Each structure stands twice: as C-alpha cells, then as structure tokens.
Amino acid sequence: MNPRTERSAAALDGVVARLYRQHEPPVASPVDAESIVALAEGRLAGAERTDLVARIKQNTAARRELLELYPELFDALLDAPNASVGGTPRGARVLPFPVRWAAGGAGLVLAAAAALLVFVPRPAPPVGSRFEVVAASEATFKERGHAVTPDGATAGLRGDVILVAPGQRLQLLMRLGAPNGFDRRLRGATAAGALFMVDHTGRARLICTDHGGCPSSADTLAHLFLAPTQTGATTWFAFVSSSTAIDAAEARALADAANAAGGGWDALRGVLSKKAAEARWNVLEQPPVRVTP
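Residues numbered from 1 in each chain as written. Predicted model: local features only at pLDDT ≥ 70, side-chain atom pairs only at ≥ 80, totals over all residues. Heavy atoms only, no water.

Topic: the sheet that holds strand 6 (residues 220-226)
Overall, antiparallel pairing links the 3 strands, which are arranged 1-3-6 in an open sheet. Because the sheet does not close on itself, it has two edges, and the strands there are strand 1 (130-135) and strand 6. In this sheet, adjacent strand axes meet at a mean angle of 20° when their direction is disregarded. As paired elements, strand 3 (residues 169-175) and strand 6 share 7 bridges and run antiparallel to each other. Its bridge partner being in strand 6, Leu 170 is matched across the sheet by Phe 225. (Pairing = 2+ DSSP bridges. Helix = DSSP H or I, 4+ residues; strand = E, 2+ residues; numbered from the N terminus. Axes fitted to C-alpha atoms, helices over the stretch in contact; angles between N-to-C directions.)

Printed below as a string of structure tokens:
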C-alpha cells in the first residue's frame, strides 16, 4: 500500500481507528518514571540498580519509556547503539498499542499499520498545498512572458517571469493543505509552511513560517511584496509545506546555507530540494518577479 495515496491511507485509517476502539488500552510501564530518573542520576547502587535494570530489559513498555527519557542511557544499558524497543529499530515511530494486539483476526491490518509507521518515519507532504501571486495595487500586472536581454538571451531565467511595474505591490497567497487521513489521525500530523525569498541582490532569506511573520488564517498564509524600483531587478519566491512543524531557526539556517554557497536562486533551490527529500516537504515555486519600465 502506498502511504502517499490519499484514498488508501484514508481507508486504512478508518479500519485501524475502528479496531483501536475495540481493544483494551495500552499497557503501562511497570517501572515508574521516578525510578528511571533515579537510575539515570546515579542514585541507585548494588542490588537495587541491578534489579531495576533487569526489569527494564525484560519489559517492552519500560524499555520504551527509558528510550524516550534517556536515549543515551538506553544505548549504554543494552550495549547497542541501534538497539530495538519491542523489535522496533531506534529512530522509528513506536505504535501507541501493544504488539500483541496484532494477534487474531485484526493482525494483518494492525501489522500493515505498524509497517507504515516503522518504515515511513515521517508523514507524507500535505495534500492541496497552493502558492500564487496576484496584483495588490492598481498598477498594471503585466502578462507572464519571457525575459529577453538585448542580445536575445533569457538572462538565466527559467521559463516564464512575472513582469511588474517599479514599486508595484504583489500579494503572495499560500495554502498549507492538509495531511492525509492516516497521518492526521494516527500520527497527529498538522500542516505547516514557510516562505523563502531571493531578492534582486541574490541574497536568500526566510520571510515567515506559519508560526509568525505573515498574516494567516486557519490554513493560509499571506505576504505583501513591494517590488523594487530598479528596472530589471528580479526576485524569486519558494513556499514549502510540511505535515510536521517547521522550526524557524532551522528554516533560517537553510537560507544561510544557500548564501554560504554563493547565494542566488539556484543555491536556495538546491538547498530546499535536498531538505524536502529528507523531511518530506512540498516545495512550490512561482516564476521570478521582474521589474520592467
């Protein structure tokens, strides 16, 4: 089953949700968190420490809790940097219900859900993300066309450009979209977004994220752009959407990396493409905005 397919994800989500309600709640860890903290802080010694470590090693829920609280101690106690929790590799998502639920008639469905969460560690990109540029002033919003230099070259631009008057205002409108049903219900995924720009000097920067910097509603962002007054000045924009939160500091670091690589649209585009493959982002572009007389 392809987790990117909205229909299949929604169908699996519905089945698993119904089965989840029919079974008992997850079993809690027999080792309390206070004991785990005492172990990590070195307040246990001798037989008391040995007994606690043995109980943690013998119980999946206890190992899971230790991994979440103290991952380094987890590795040290199990003598394996890539040790598993109940058969789940380190770094993978742990299902919110016990593995033993996979027995009986519901086994195949729950096993399929487990496989998706384990082997697809990040939610799929949001569905329905959009990015558009519209005129926000009375000045003429010229038709998209090819930017041509006097010698007939295309000035290094890809395809169409958006031709605007000097100082014209443009409204950038972005729709975050929504995670598919599987990610939304089983992973708790919510849509997020960030807007990047490369100005006419070639400097890349983060304009905003859904957490601040742009006017926003429930699922949209907006940015008012004032075009430069210099004829020929060209500006590029890229909007990314994700089913996981986008940290503003991390997003700014991407722009900094593009500038460190020489700046310009190609550098930012390359950085965002690489990050999108790792983080499962959508990257939506608009033709560059070019000022004409």
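As for the side chain of Asp 199
Looking at the secondary structure, you find Asp 199 in the loop between strand 4 (192-198) and strand 5 (204-209). Among the polar contacts listed, one links the side chain of Asp 199 to the side chain of Thr 201, at a separation of 2.5 Å. Not counting residues within four places of it along the chain, the set of residues in contact with Asp 199 comprises Thr 234, Thr 235 and Trp 236. (Polar contact = N/O pair within 3.5 Å; in protein donor to acceptor, adjacent residues only side chain to side chain. Contact = heavy atoms within 4.5 Å.)

Concerning the nonpolar core
Counting 23 residues, the largest nonpolar core has Phe 131, Leu 172, Leu 195, Phe 225, Phe 237 and Phe 239 as its most contacted members. For this core, the elements supplying multiple residues, two or more each, are strand 1, strand 2 (162-164), strand 3, strand 4, strand 5, strand 6, strand 7 (234-242) and strand 9 (289-291). Take this core: its biggest share by element is 3 residues, from strand 3. Those residues within four positions of Phe 225 in sequence are excluded, and the remaining contacts are Gln 168, Arg 169, Leu 170, Leu 172, Met 197, Thr 235, Phe 237 and Val 289. With 22 residues, the next largest nonpolar core counts Trp 236, Ala 238, Leu 254 and Val 271 among its residues. (Core = buried A, V, L, I, M, F, W, Y, C linked by side-chain atoms within 4.5 Å. Buried < 20%, exposed > 50% of the residue type's maximum accessible area, 1.4 Å probe, protein only.)

Looking at the packing of helix 2 (residues 33-40) against helix 3 (residues 46-58)
The axes of two packed helices give the description: the angle between them and the distance between them. It is at 11 Å that the axes of helix 2 and helix 3 come closest, and there the two elements cross at 120°. Taken together, the axes of helix 2 and helix 3 lie oblique to each other. Crossing of helix 2 over helix 3 shows left-handed handedness. In this structure, helix 2 contributes Ser 35, Ile 36 and Leu 39 to the contact, and helix 3 contributes Arg 49, Leu 52, Val 53 and Ile 56. Here the residues of the contact of helix 2 with helix 3 sort into 5 nonpolar, 1 polar and 1 charged. (Parallel < 35°, antiparallel > 145°, perpendicular 65-115°, else oblique. Left-handed = near helix turned anticlockwise from the far one by under 90°. Nonpolar A, V, L, I, M, F, W, Y, C, P; charged D, E, K, R; others polar.)

These values are about where atoms sit, not about what they do.
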